[in-house]
Amino acid sequence: PRPGTYHLRISTRGTWTARVVEVSNPDERYYGREETREKKQIEEEQHRLKEQIVVQRSAAVNFITPLPSSNERALKPKDTFKECSQCPEMIVVPPGSFIMGSDLHEPDRMVDESPQHMVVIAQQFAVGKFAVTFDEWDTCVADGGCDGYAPSDRGWGRGRRPVINVNWGDGQAYVAWLSRLTGKAYRLLTEAEFEYAARARTTTAYFWGDEIGKNNANCDGCGSQWDDKQTAPVGSFAPNTFGLYDI
C-alpha cells in the first residue's frame, strides 16, 4: 500500500513540492459472481490507460523545447513557459520577503507554525502554475520515468485533475525524469518557498482573506461542487496574485 495521498506542484526553475491531501490505503477484494465482471472492467480500464499514455508519451518526447539561456535571463514575474508539450506550465514568481508562520491568534493555527520569522527570497524562481496533473504524470510513466508507478485516480478521473496517491519519493522520481527530459534543473520546493508562493505577499489566513468564503477552494464546507467528494480539475478556482492556482 502507498503511505499517503499527495498533490504535487513544481517550482524554482523546475521545482516541485508535495502537499498531503489524505491518507488512503484501500484494500480491494473481489468475490463470487462479481469477480469476473470486476476483473474485466479493470482490464478494460488498464487497456484504455495504456493507449492514452502512449499518445501522451509521443506528444512529450516529440516536442521538447528547453528554454534557451538568453530567454531564461529575460524572464520577469508572471512570465510563463513550458519545456515540453506535456511538461508543467511554469510561472515566474518575484523575489521578496515575508513573515513565515502564523499569528498566535489566527483561527485553526497549528503549533508547528511558530515562531514567526522573517524569510528573504533573494531571487525570482519559476513555480508550477497548477498542481501536477494525471496527464503530466502518465506521460512520465509512459516515457520510462516515475519508477513506472501509475497511481489510482479512485474513479474520479485523470486528465487535468491533480495526480493523487503519490508520496514525496514519487515526486522526487518525477522531477528527476523532468530534469533528464529537458536538461534543466527541476526540484521540489522548500517549505519556505512554498509558503511564500502560496501567501503571495498577503498576511491573511488565506490568500483571498481571513474567511473561507464560498467557492474559493475544494474542501469540506468551502461551497464548491467538489466539496468533500472528489478532486477538482486544476484551475477551477481563482489564482492568487502571483498567478498560482489551487495553492
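Residues numbered from 1 in each chain as written. Predicted model: local features only at pLDDT ≥ 70, side-chain atom pairs only at ≥ 80, totals over all residues. Heavy atoms only, no water.

Another aspect to go through is the environment of Ala-176. Examined against the element boundaries, Ala-176 turns out to sit in helix H4 (residues 168-182). Classification of Ala-176 as partly exposed rests on a relative accessible area of 32%. Separated by 10 residues in sequence, Ala-176 and Tyr-186 have C-alpha atoms that sit 7.2 Å apart. (Helix = DSSP H or I, 4+ residues; strand = E, 2+ residues; numbered from the N terminus. Buried < 20%, exposed > 50% of the residue type's maximum accessible area, 1.4 Å probe, protein only.)

Evaluated as defined, the whole model comprises 8 salt bridges. If you follow the salt bridges from partner to partner, you end up with Asp-138, Asp-153 and Arg-158 in one network. (Salt bridge = Lys/Arg side-chain N within 4 Å of Asp/Glu carboxyl O.)

Before going further, it helps to examine the packing of aromatic side chains. Tallied over the full model, the rule gives 9 aromatic pairs. Both rings, one in Tyr-196 and one in Phe-242, keep their centres 5.5 Å apart while their planes meet at 50°; by these two values the pair is tilted. Residue Tyr-196 is found in helix H5 (residues 191-199), and its partner Phe-242 is found in the segment after H5; the two are separated by 46 residues along the sequence. Taking relative accessible area as the criterion, Phe-242 reaches 5% and is therefore assigned buried. (Phe/Tyr/Trp six-rings, centres within 6.5 Å; stacked < 30°, edge-to-face > 60°.)

Our focus in this paragraph is the confidence of the model for the protein. Overall, the predicted model of the protein reaches an average pLDDT of 82, with 75% of residues at or above 70. In the model, residues 1-7 has pLDDT below 50 throughout and makes 41 contacts with residues more than four positions away in sequence or in other chains. A low-confidence stretch, residues 12-35 (pLDDT under 50), is modelled with 82 contacts involving residues beyond four sequence positions or located in other chains. (pLDDT = per-residue confidence, 0-100. Contact = heavy atoms within 4.5 Å.)

So, about H5. For H5, a buried count of 8 out of 9 residues is recorded, marking the element as mostly surrounded by other parts of the structure. For H5, the complete set of buried residues consists of Ala-192, Glu-193, Phe-194, Glu-195, Tyr-196, Ala-197, Ala-198 and Arg-199. Taken from the residues just after H5, Ala-200 is the one with a positive phi, measuring 50°.

Right, let's talk about the environment of Pro-115 for a bit. By secondary structure assignment, the location of Pro-115 is in the loop between strand E5 (96-100) and strand E6 (117-121). Look at Pro-115 and you get exposed, because its relative accessible area is 62%. Here the alpha-carbon distance between Pro-115 and Leu-104, two residues 11 residues apart in the chain, equals 8.9 Å.

Counted according to the given criterion, the structure contains 3 disulfides. Across the disulfide, Cys-84 is cross-linked to Cys-87 (sulfur-sulfur distance 2.0 Å). Every disulfide takes its handedness from the sign of the S-S torsion; for Cys-84 and Cys-87 that torsion is 105°, giving right-handed. On the accessibility criterion, Cys-87 (0% relative accessible area) is buried. With its sulfur 1.8 Å from that of its partner, Cys-219 forms a disulfide with Cys-222. Between Cys-219 and Cys-222, the disulfide has an S-S torsion of 70° and is therefore right-handed. Using a relative accessible area of 1% as the deciding quantity, one classes Cys-222 as buried. Along the protein, the cysteines that take part in disulfide bonds pair up as 1-2, 3-4, 5-6, counted in sequence order. (Disulfide = S-S within 2.5 Å.)

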